[in-house]
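The primary structure of each chain is shown beneath.
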Amino acid sequence: MRRLFPAVFLILAVGWLAACTTNPATGRQSFTAFMSRADEIEVGRKEHPKILKKFGGRYKDRRLGDYVRKVGLGLARVSEASGLPFTFTVLDDSEINAFALPGGYVYITRGLLALAENEAEMAGVLAHEIGHVAARHTAERYSQAMAANIGLSLLGILGSAAGAPAGAGNLMSLGAQAVLQGYSREQELEADLLAVRYLARAGYDTNALTSFFYKMQAQARIEKEEKGKAATADEFNIMAGHPRTAERIKQAIRLARTTPVANPKVGRDIYFDRIDGLLFGDDPEQGVVRGRVFSHPELAVRFRVPAGFTITNTPSRVVARDKSGSMVVFDMAGGKTAMSVRDLRRYLVDRWGKNISLNDVERIDINGMEAVTGRGKMQLGGGGLKDVRLVVIRERPERIYRFLFATAPRMTRQLQTELQRTTYSFRRLSEKEARGLKPLRIKIVPVKPGDSARTFIDAMPLERFKAQWFRVLNGLVPGSQKQTIEPGQRIKTIVR
């Protein structure tokens, strides 16, 4: 058996090395044996509808979508993956995000488009995602994971005879999966390098990637301040995790200096023309957050969370959290499920809450609507055992709304009254109230003589962080060359 181990692994190693090829984008050896280009295209095709469903669907402004597609295709043509059938999609999502599926499916959110200040900055983001595709980073991650699993499976087969501990292969496989979940540090920096290359080839200002990174850094601080975590602002961002934004800014500055472009394209005016009127924040079709209140004009319902909780609205659910880790989760049962429910109590105990041993189950009335509630304990993520209270509300035959309240045991008594108030704040909206929930939008306006930043900040219909948002949206952030607005220039503001 001692002789068999090196022989088998030598065979595997030779096969894997033979499967390494030189990637034309990166110039380095790339191991992609378990995912071909055809496989990548097929994966992207199958996952594309799931991405649209998860991220709010395609943004409905066709003119803006065509514009993004035109810029994206221009960048794709100068990449080493120009033969792929690239698809560029603007997602109706307020989060600042961009990503790519293998096979050339590139996504950018309207939230990110609101943050960018010109075509070159948007192009830098698209070029970064094209870089991931051209470098075949997903194929690398997948192939490495498969190779690890094959090797570890072999270890499991041979290990018992050689005296390896039982379960060693499974443990190592779990570790490999954890490492390979996201892009590596090197892959992110590689995609930045390729982005600068493609910007230069397409004639864009290569400093655009740097200026956008500064905006991302400033926006991340706002987001963390909203959630009471300002100290960790640089630990999260759209292209982030590996490595942190600060390090990527340094690399982008260095790359821009080494790849200057004569008479570079910036495209501020055309970009402003395309994003004028862009939705900012929540789409009313997915509900609207105003401070501590969530309202849904189409469903005509609303509720309020306790002070200290910050609401995050997604297409599938609403989640509010506070600094203690306590949480409010709000969603709906599916329409077919709701119509099939005859007994709301049985639905709570036997279906939605079936994995929790519920106590104190009782029927209650919430503003004229039938409801049932119960308490229990459950494990939520890595946060340990939580006290939970479930509430189901039948607002009408085809609609069942659901609340999950989760608190650390030490916080349960302290938050009990406030979370009960959240439960009983759930109510129907009047027709007039529903009509009054108008979305926020980006408005492009000229700066007139006598105008100052304060002129626009005071007029913005935001409840918090008005000044910070105005400065971020207009690039008046630390590290930026521009720190003031001048008469005659066009700027972004927020209107209702």
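Please refer to the structure higher up on the page.
Below is a summary of the structure that appears in this document. Note that the structure is a prediction, hence the values are computed from the model and not measured.

What follows deals with the overall build of the protein chain. Across its full length, the protein chain carries 17 helices and 19 strands. By residue count, 49% of the 496 residues in the protein chain fall in the buried class. Contacts spanning at least 24 positions in sequence make up 64% of the contacts within the protein chain whose residues lie at least 6 apart. In the form shown here, the protein chain has an accessible surface area of approximately 24,100 Å², with 53% of it arising from carbon and sulfur atoms.

Bringing the sheet that holds strand β8 (residues 293-296) into the picture now. The sheet built from 4 strands is open, its strands ordered β7-β8-β9-β17 with antiparallel pairing. Two strands bound the open sheet, and with one partner strand each, they are β7 (288-290) and β17 (427-428). Sheet topology note: the β7/β8 ladder contains 3 bridges and is antiparallel. Across the sheet, the residue bridging to Val289 is Phe294, located in β8. Of the strands in this sheet, β9 (301-304) and β17 are in contact with helix α14 (residues 409-425), which crosses β9 at around 165°.

A separate point is helix α8 (residues 185-201). Residue pairs spaced three or four apart in an α-helix point in one direction, given the helix's 3.6 residues per turn. The terminal C-alpha atoms of α8 lie 25 Å apart, and with 17 residues this matches the ideal 24 Å at 1.5 Å per residue to within 8%. Restricting attention to buried positions, one finds in α8 the residues Gln187, Glu188, Leu189, Glu190, Ala191, Asp192, Leu194, Ala195, Val196, Tyr198 and Leu199. Residue Gly203 follows α8 closely and has a positive phi angle near 85°.

Here we take up the packing of aromatic side chains. Using the criterion set out here, one finds 16 aromatic pairs in the structure. Residues Phe86 and Phe88 carry aromatic rings whose centres are separated by 5.8 Å and whose planes lie at 15° to one another, so their mutual orientation is stacked. Both residues of the pair, Phe86 and Phe88, belong to the buried class. Residues Phe303 and Phe330 carry aromatic rings whose centres are separated by 4.7 Å and whose planes lie at 50° to one another, so their mutual orientation is tilted. Note that Phe303 is positioned in strand β9 and Phe330 in strand β12 (residues 327-332), a separation of 27 residues in sequence. Phe330 matches Phe303 in its accessibility class, with the two residues each being buried. The structure contains a cluster of three or more aromatic residues connected by ring pairs, namely Phe294, Phe303, Phe330, Tyr401, Phe403, Phe405 and Phe426. The ring of Tyr204 carries Lys265 above its face, with NZ or CZ at 4.3 Å from the centroid.

Thresholds applied
- Residues numbered from 1 in each chain as written.
- Predicted model: local features only at pLDDT ≥ 70, side-chain atom pairs only at ≥ 80, totals over all residues.
- Heavy atoms only, no water.
- Helix = DSSP H or I, 4+ residues; strand = E, 2+ residues; numbered from the N terminus.
- Buried < 20%, exposed > 50% of the residue type's maximum accessible area, 1.4 Å probe, protein only.
- Contact = heavy atoms within 4.5 Å.
- Areas by Shrake-Rupley, 256 points an atom, 1.4 Å probe, with all protein chains shown as cover.
- Pairing = 2+ DSSP bridges.
- Axes fitted to C-alpha atoms, helices over the stretch in contact; angles between N-to-C directions.
- Expected span 1.5 Å × (residues − 1).
- Phe/Tyr/Trp six-rings, centres within 6.5 Å; stacked < 30°, edge-to-face > 60°.
- Lys NZ or Arg CZ within 6 Å of the ring centre and 35° of its normal.

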